[in-house]
Structure formats: structure tokens, C-alpha cells
Amino acid sequence: MTEQNQSEVETVSFIPDKVLDNSSQYGSLGSQYYNLDNICTQPQVYPAYGDSTNALVFRTYGPWWINLPSYRATTRQFKRPEKEFTSRDFIEIEYPALMLTCLTIDVYETYNPGSLEAAYVGKEDGHGKISWHRVWKFPDPFSIVLKNGKEIFIENGRQQMHDIFPQHVDVVTSALQSLQLNTDHTGISKIYTRHTYPPAARIPRITKIPLKGKVPFPTRHVRLEFDHCTANYYIEIDTIMLTGQRLKDHSTPVPIVCETKREEHVEDQSSMDLTKLPFDILFQICSYLDLRSLARFASTSRYFQRQCLDSLQFKSLNLQPYWNTITNDSIECFFSNYCEQTWYLSLAWTRNIQLTSFTCLLNKCSRNLRQLNLACCQYLTKQYIEVVVDTCPNIEILNLDACGCLESDDFLPLTKLTHLRSLNVYRTAIDFRTLLPLINQNKEHLEHLNLGNCLQLIDVAGIVRLLFARCSNLRSLDLWRLRIRDVYGSIVGIPYDLTDEEDRLSQIPSEYQDDLVLIYSLLDMPVATNPITHMKRLSEIDFGWTDPPAGFIEILVQQAGHSLIKIVLTACRHVSDKDIIAISENCPKLRQLDLLDVRAATEENIEQVLKRCPHLEFLDISFGANIPDAVLEKWIHQYKNCFKRTYPPIDNPEIYHEFA
């Protein structure tokens with residue numbers, strides 16, 4: 001940049017104007033607490049460290065969710081190694097104005113830092129379409145800025161206390177700090193990740209991703225991806241600033257074109273003739289290649305193209321790692337030619353796939369397709385759902401996680417599916433007109449259902465009652481933040497007053513009542529479930545933020561506790577002492593228990609759970625009864641458990657102090 005041009009620009013830092021897209025969030029839609037829109041402000045938490053409702057928080061963390069049967073059931077068939085892709089959540093941000101020259105992305109991390117995996121900047125065309133360009137990937141060099149202004153450069157990804165403060169290791173230990181050291185190392189060892197455990201020192205910090213010289217165009221869009229599988233608890237981010245230079249008159253800058261120097265690759269010469277290998281050996285070798293490497297290998301000769309691109313190599317096809325490079329041409333001209341044998345397909349996170357290309361691909365898969373992952377595919381419409389149902393009627397696993405582009409009516413074609421084992425509609429607008437018939441038609445097959453954060457769902461009570469009454473093969477159910485209201489008793493077989501049922505239905509908005517009455521009649525809806533026939537295989541249940549009445553959990557675990565390995569009761573404040581004692585007495589296989597903000601999580605009750613649940617690996621007792629640190633320390637050494645206990649933000653003036 002010339003001296004004259006330099007005088008016409010100014011260095012500025014933008015806070016986000018809005019969030020364009022994201023994969024998950026802890027808070028409810030429309031709520032200010034733990035919402036991703038919280039980053040669209042000046043820092044509210046930094047330089048304090050701790051759990052704040054004013055921060056960005058994703059839905060999950062750590063290895064615990066990943067190692068559950070419900071998650072493994074959706075991933076076990078995608079066996080081709082894709083070790084270049086380890087992202088688990090993302091957020092896309094728009095800033096208020098174009099940045100002429102980008103200098104840094106500044107991520108204000110205020111709780112459990114160190115899970116940033118990749119950074120992209122967006123180039124917007126004249127039609128508003130954004131193409132994403134990766135500018136950083138962990139463990140590429142970056143720096144962290146401490147609250148005293150000191151900047152520490154990280155070149156190898158190592159960012160624990162002894163890495164960044166080798167001369168000032170905090171030797172103070174406490175029960176709370178020990179909580180962070182007692183985690184599921186076995187679980188983490190099963191997951192491929194670039195992040196170490198713990199991923200980073202537990203201190204408030206600003207993570208600075210260098211952009212200077214990496215962005216040859218003006219931009220106002222940033223995408224960040226996170227891998228939090230080694231995090232001890234929820235990661236929280238205060239804000240994400242974009243720092244750079246813009247013209248002082250704020251006019252639209254002229255794009256700068258930079259020449260990119262191509263790296264020259266010298267191929268190793270080898271005397272090995274792979275063409276002489278038997279087909280089955282060559283096929284096995286190819287199965288160990290990621291998809292990009294397989295395509296490159298196949299392009300080396302016509303022989304290898306015929307041998308390597310056999311349709312059986314594409315029995316499982318995971319395109320999520322290539323979300324940013326999948327185009328309509330690549331689908332129509334390449335992938336659709338090799339998908340006759342595809343049973344398992346993931347298009348998660350892909351963008352702007354046209355209906356014609358989508359139809360072409362699914363027509364090739366057709367009746368073979370058993371699994372389809374469309375998580376965060378914001379191009380979907382009702383027509384796409386109709387294509388799925390009409391061309392692939394044998395689908396067993398369907399993921400529409402966070403497809404906020406779909407309206408309630410768009411889900412109606414799903415009622416034609418009759419072989420579903422797993423359905424994920426987390427944070428969507430699906431309603432009872434789809435769910436009630438769908439559940440009833442798949443009652444013999446349905447094993448996993450995620451309805452978390454479907455806040456527009458009408459008649460949650462009827463849906464849950466139908467599930468427990470007729471889906472005897474149900475293994476996992478996520479009801480996170482749903483409003484079940486006053487019918488918990490009927491779910492577990494307690495006699496229900498028909499007058500109360502009529503009153504409940506009368507409170508449903510009038511525009512839905514006729515449809516609901518008709519569906520109830522067609523399905524012969526149960527009023528109460530039979531405790532003898534339901535919940536025989538239930539292993540995971542999430543009642544987080546639904547607040548069931550005292551006594552409900554006691555009855556539930558008496559019927560289903562023998563198979564339960566996960567119980568989430570986050571913010572269920574009516575859970576009683578008897579409920580927790582019943583968990584200890586009836587759940588011998590329990591591995592995960594979330595009692596955050598449950599006041600009945602007293603020292604005496606938790607002691608009973610620890611004694612009687614020998615497989616327990618995860619226990620969240622945050623904001624519950626005030627259990628002394630000395631007791632926690634004793635439990636950690638005695639039971640070898642991973643306890644979780646969060647706390648409000650704290651501002652400690654000691655710069656070398658690591659928080660619990």
C-alpha cells in the first residue's frame with residue numbers, strides 16, 4: 001500500500017452486526033440467555049472468567065455426548081477416515097461494514113478456552129452469495145492476549161499453563177481445580193482431535209487469529225468452527241471482533257488482488273507397480289484414503305479410475321468435511337456417477353445445492369439409501385423433503401438438525417416414511433401434524449428421537465405420551481427445553497382424568513384443534529401408557545429445562561432405570577430427594593447424570609448415587625446444594641468420577657492464577 005493510500009485508511013475493530021447461521025446453541029430461541037446473538041455487543045464478561053448468561057454457548061462439549069450409543073448410531077457407518085475435518089460446531093457472522101484489509105480476528109474467550117478449530121472469511125458476490133475461504137486452522141500459529149495486555153505467541157498449539165507460563169506455574173491446588181483434571185481420558189482417546197487435554201489454560205483471554213496478507217479482498221463475513229471434544233465444560237465466548245483497516249470516508253473499497261504463489265510438489269519416484277495388485281487388495285488400500293485422496297489417486301490413470309472409483313467405495317459417502325467445496329457440478333458430474341451402491345449419505349453443512357442436483361444424487365441412491373444427514377442445510381424446502389421421501393422410501397436414519405429454513409408444513413411429506421429408526425429435528429419448526437402420524441407409523445422401529453429446542457411444537461404432551469405408549473424399542477429421547485406441562489403422570493402409567501385431558505386440549509390454539517382432534521381419532525391416541533409394555537430399552541433421556549413434578553422421576557426410573565445410562569435433569573427444580581434416591585436404587589448402568597440447578601442434589605443424596613452407580617463417569621451438580629470442597633475432593637479420590645460444578649464470572653487480579 002502506498003504512503004498516500006496509507007493516509008486514507010484507519011484501523012478499526014468491528015463487533016458483529018448479526019449471526020447469519022450456526023450449528024447449535026445452549027439457550028432457547030428468542031431468549032437472551034446463552035444465546036449466540038450475545039456476541040453482537042461490546043465485551044460484557046471479559047476480563048472476568050466463569051459461566052455467564054451473556055455469552056455465546058454451544059449445546060454440547062467434551063467426549064461424553066460423542067461416546068453415547070445415540071451418537072454412535074448415526075456415525076458408525078461413515079468409516080472412511082476424514083482426519084482433516086474435526087469441527088463440531090460453527091458460527092457465521094456478519095459485521096456492519098466491509099473491511100479493506102483484515103489484520104486479526106479477536107475471540108474473547110471467558111470460559112473453557114482453546115477449542116477454536118478453523119477460521120474462514122467470506123467473499124460476497126453481487127447477488128449476496130458468500131464464498132468461504134479458510135485463513136487459519138488449528139494448530140497454525142496464533143496468539144493470546146492476557147488481561148494485562150501481554151501477548152503470547154503460540155506456534156505449536158500447546159497452550160496449557162506450563163506452556164504459556166513456564167516460569168510461573170500456579171501450584172495452588174483445590175478440590176475445584178481437581179474437578180477439571182478428573183475427566184474421561186478413555187473417551188477422549190477414542191476420538192480423533194488435534195486438541196490436547198486439557199485444551200488450554202483456564203484463564204480469560206483474547207485469542208488473536210492473524211489475517212495480515214491472507215485476505216486479498218474486502219470482507220465483512222467471518223465463520224469460526226470449534227472442536228470442543230476435549231473441553232471440560234461448556235465453552236463460552238463474550239464477543240468476536242474483526243480488526244483491520246478501512247477507508248476513512250467509509251466508501252466501498254476497491255478489491256485488492258494478490259498473487260498467490262503456488263507450491264511446487266515433487267513426486268517421489270517409486271518402483272512399485274500398483275497395477276499388479278489384485279482388485280481386493282487395491283480396494284482395501286483405497287478404503288483407508290479420505291475422499292479427496294481417493295479422487296486424486298483415481299485421477300493418476302484410467303486404470304486406477306476404473307479400479308478406485310468402484311461404486312462399492314461409496315457405500316458410505318460423507319461430504320460434510322467438504323461442505324465448502326461441494327458444488328452442483330461436482331454432484332451432477334462426479335458423485336452421482338458412483339452412488340448406485342450408497343447406503344449412507346451426509347450432506348451436512350453443505351450450501352446452495354440446487355433441487356435438480358439434489359434430485360439427481362438421491363435418484364442414484366434411490367431405495368438403497370438408509371441414512372441421510374442434512375444438518376444445517378439452509379437451502380432445504382418442502383420440495384427437497386418430497387424428493388427424499390419419494391426417491392428414498394427406505395431411509396432409517398434422518399438428520400434435519402438445525403434446519404431453520406424449513407417451515408412446519410414443509411415436514412408433512414415425512415409422514416410417508418415407515419422405516420425410521422432415528423430422527424433428529426433439533427431446533428426446527430416441525431409440529432404435531434407430522435410427528436404424531438410419523439411416530440405411529442414407525443412405532444416398531446423408532447429408537448432415537450431428538451426434539452430438543454423445538455419451541456414451536458404444539459401438543460408436546462400428546463407426542464411424548466404416544467412415544468412412551470407405543471414405541472417399545474425407544475432407546476433415546478431428547479426433550480430439551482420443551483413444554484410438556486401437566487401430563488407427566490400419564491406418561492408413566494398414572495391414571496389420568498379425562499376431564500383434565502379435555503381441559504388441556506381446549507387450551508390449544510383454536511386454529512390447531514380440528515386437526516388435532518382428527519389425528520387423535522385416526523391414531524386412537526392413548527390417554528395413559530401401560531407401564532408394563534413401554535420403556536423396556538430406554539437408555540438416554542433428556543428432560544433438561546422441562547421441570548417435571550416431584551415423584552415423576554421416581555416412577556420413571558422404577559420402570560426404565562435398569563437400562564438407563566444417561567439422565568439429564570438440568571434446571572428441573574421440582575426433582576425431589578425421593579427422585580434422586582430412586583435413581584441410585586434403580587439405575588445400576590448409569591454413566592451420565594446432569595443435576596444442574598437441582599436443589600435436591602444434596603451431599604447425602606449424591607453420596608447414595610455414587611455408591612450405587614459404579615459406572616457413573618459424569619455428574620453435573622452446578623448451582624445445586626452447597627456441597628463443601630472437602631467433600632468433593634474426597635469423592636474424586638474415592639469414586640474417580642468427573643464432577644462438574646460451574647460458577648459465575650470472577651475477576652482475579654492474579655495473572656498467573658488458573659481458574660477451576
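About the thresholds
- Residues numbered from 1 in each chain as written.
- Predicted model: local features only at pLDDT ≥ 70, side-chain atom pairs only at ≥ 80, totals over all residues.
- Heavy atoms only, no water.
- Pairing = 2+ DSSP bridges.
- Helix = DSSP H or I, 4+ residues; strand = E, 2+ residues; numbered from the N terminus.
- Axes fitted to C-alpha atoms, helices over the stretch in contact; angles between N-to-C directions.
- Core = buried A, V, L, I, M, F, W, Y, C linked by side-chain atoms within 4.5 Å.
- Buried < 20%, exposed > 50% of the residue type's maximum accessible area, 1.4 Å probe, protein only.
- Contact = heavy atoms within 4.5 Å.
- Phe/Tyr/Trp six-rings, centres within 6.5 Å; stacked < 30°, edge-to-face > 60°.
- Lys NZ or Arg CZ within 6 Å of the ring centre and 35° of its normal.
- Polar contact = N/O pair within 3.5 Å; in protein donor to acceptor, adjacent residues only side chain to side chain.
- Parallel < 35°, antiparallel > 145°, perpendicular 65-115°, else oblique.
- Nonpolar A, V, L, I, M, F, W, Y, C, P; charged D, E, K, R; others polar.
- Salt bridge = Lys/Arg side-chain N within 4 Å of Asp/Glu carboxyl O.
- Arc of directions from axis to C-beta.
- pLDDT = per-residue confidence, 0-100.

In the annotation of an unreviewed UniProt entry, the entry for the protein reads F-box domain-containing protein, and the organism field reads Adineta ricciae.

> Kindly report on the sheet that holds strand S7 (residues 130-137), identifying the contributing residues and their values.
Taken together, five strands build an open sheet; the order of strands is S2-S4-S11-S6-S7 and the sheet is antiparallel. Where the open sheet ends on each side, the last strands, each with one partner, are strand S2 (18-22) and S7. When the angles between neighbouring strand axes are averaged without regard to direction, this sheet yields 25°. As judged from the seven bridges shared by strand S4 (residues 89-99) and strand S11 (residues 219-226), these two strands associate in the antiparallel manner. Counted as the bridge partner of Glu92 is Arg223 from S11.

> Tell me what's going on with the nonpolar core, and back it up with residues and numbers.
One recurring pattern in soluble globular proteins is that nonpolar side chains are buried together. Counting 119 residues, the largest nonpolar core has Leu400, Leu436, Phe468, Phe543 and Ile567 as its most contacted members. Per-element accounting of this core gives the leading share, six residues, to helix H13 (residues 460-470). Discounting residues that sit within four places of it in the chain, Ile567 has contacts with Ile541, Val557, Ile583, Cys587, Leu590, Gln592, Leu593 and Asp594. Counting residues in each nonpolar core, the second largest holds 61 residues, with Tyr26, Phe165, Leu211 and Leu596 among its members.

> Which residues make up H13, and what values do they have?
Most of H13 sits out of view: nine of its 11 residues are buried. Of all the residues in H13, the buried ones are Val460, Ala461, Gly462, Ile463, Val464, Arg465, Leu466, Leu467 and Phe468.

> Could you give an account of the packing of aromatic side chains, naming the residues involved and the relevant values?
By the definition in use, this model includes 35 aromatic pairs. Plain terms: the ring middles of Trp65 and Phe618 are 6.2 Å apart, the flat faces sit at 75° to each other, and that makes the pair edge-to-face. Separated by 553 residues along the polypeptide, Trp65 in the loop between strand S3 (56-57) and helix H2 (69-75) and Phe618 in strand S23 (residues 618-620) bring together distant segments of the chain. Of the two residues examined, Trp65 and Phe618, each falls in the buried class. Measuring from ring centre to ring centre gives 5.2 Å for Tyr233 and Tyr234, while their planes differ by 75°; the resulting arrangement is edge-to-face. Neither residue differs from the other here; Tyr233 and Tyr234 are each classed as buried. The aromatic ring of Phe90 is capped on one face by Arg223, whose charged end is 4.0 Å from the ring centroid. Over the ring of Trp343 we find Arg370; its NZ or CZ atom is 4.7 Å from the centre of that ring.

> Explain the side chain of Ser422 residue by residue, including any values.
Assignment of secondary structure puts Ser422 in strand S17 (residues 422-424). Leave out the neighbours within four places in its chain, and Ser422 touches Thr74, Glu396, Ile397, Leu398, Leu446 and His448.

> Describe the side chain of Thr230, listing the residues and the values that go with them.
Relative to the elements of secondary structure, Thr230 occurs in the loop between S11 and strand S12 (236-247). Taking the relative accessible area as the measure of exposure, Thr230 reaches 1% and is therefore buried. Here the side chain of Thr230 touches Thr196 through a polar contact of 3.3 Å, landing on its backbone oxygen.

> Talk me through the packing of helix H19 (residues 603-612) against helix H20 (residues 629-639); I want residue IDs and the actual numbers.
Look at H19 against H20: their axes get within 12 Å of each other, and the N-to-C directions meet at 5°. Between H19 and H20, the crossing angle belongs to the class labelled roughly parallel. On the side of H19, the interface is formed by Glu603, Ile606, Glu607, Leu610 and Lys611, while H20 contributes Val631, Lys634, Trp635 and Tyr639. Residues belonging to the contact of H19 with H20 are distributed by class as follows: five nonpolar, no polar and four charged.

> Now, about the pairing of strand S9 (residues 151-154): what can you tell me, with residues and values included?
Across the two faces of S9 the burial differs, with Ile152 and Ile154 buried and Glu151 and Phe153 not buried at all. One ladder, built from four bridges, connects strand S8 (residues 142-145) with S9; its direction is antiparallel. Looking at S9, one finds that Phe142 is bridged to Ile154.

> Any details on the sheet that holds strand S21 (residues 566-568)? Residues and values, ideally.
Spatial strand order, S13-S14-S15-S16-S17-S18-S19-S20-S21-S22-S23-S24: 12 strands in an open sheet with parallel pairing. Both edges of this open sheet fall to strand S13 (316-318) and strand S24 (642-644), since each of them pairs with a single strand only. Between one strand axis and the next, the sheet turns by 5° as a mean value, whatever way the strands run. Pairing geometry for strand S18 (residues 448-450) and strand S19 (residues 476-478), over three bridges, is parallel. Opposite Asn450, over in S19, you have Asp478 as the bridge partner.

> Any details on the pattern of salt bridges? Residues and values, ideally.
Tallied over the full model, the rule gives 28 salt bridges. For Asp227, the salt bridge goes to Arg88, with nearest N and O atoms at 3.3 Å. Of the two residues, Asp227 sits in the loop between S11 and S12 while Arg88 sits in the loop between H2 and S4, which places them 139 residues apart along the sequence. You can call Asp227 buried: its relative accessible area is 0%. Across the pair Arg351 and Glu92 runs a salt bridge, and its minimum N-O distance is 2.8 Å. Of the two residues, Arg351 is situated in the loop between strand S14 (344-346) and helix H10 (355-365) and Glu92 in strand S4; the sequence distance between them amounts to 259 residues.

> Quick rundown of the environment of Glu540? Include the residues and the values.
Position of Glu540 among the secondary structure elements: in strand S20 (residues 540-542). When near neighbours in sequence (up to four residues on either side) are disregarded, Glu540 contacts Leu68, Pro69, Ser70, Arg475, Ser476, Leu477, Leu564, Ile565 and Lys566. Here Ser70 takes part through its side chain, which lies 2.6 Å from a polar atom of the side chain of Glu540.

> So what's going on with helix H17 (residues 552-560)? Which residues, and what values?
If you check which residues of H17 are buried, you get Phe552, Ile553, Leu556, Val557, Gln559 and Ala560. Burial along H17 is one-sided: seen end-on, the buried residues are contained in an arc of 160°.

> Explain the confidence of the model for the protein to me, using residue names and the numbers behind them.
Predicted confidence across the protein gives a mean pLDDT of 87, with 89% of residues reaching 70 or more. Confidence drops under pLDDT 50 across residues 171-182; counting only partners more than four residues distant or on other chains, this segment forms 30 contacts.

> Which residues make up unusual backbone geometry, and what values go with them?
Each neighbour pair has its own omega, and for Tyr46 with Pro47 the value is 15°, a cis peptide bond. Inspection of the secondary structure puts Pro47 in the loop between S2 and S3. The residue after Phe138, namely Pro139, is reached through a cis peptide bond having omega 10°. Take Pro139: it is sitting in the loop between S7 and S8. Even without a glycine there, the phi angle at Asp524 is positive, about 50°. Structurally, Asp524 can be placed in the loop between helix H16 (510-523) and S20. Phi is positive for Asp597, close to 60°, though the residue is something other than glycine. Mapped onto the fold, Asp597 is located in the loop between strand S22 (592-594) and H19.

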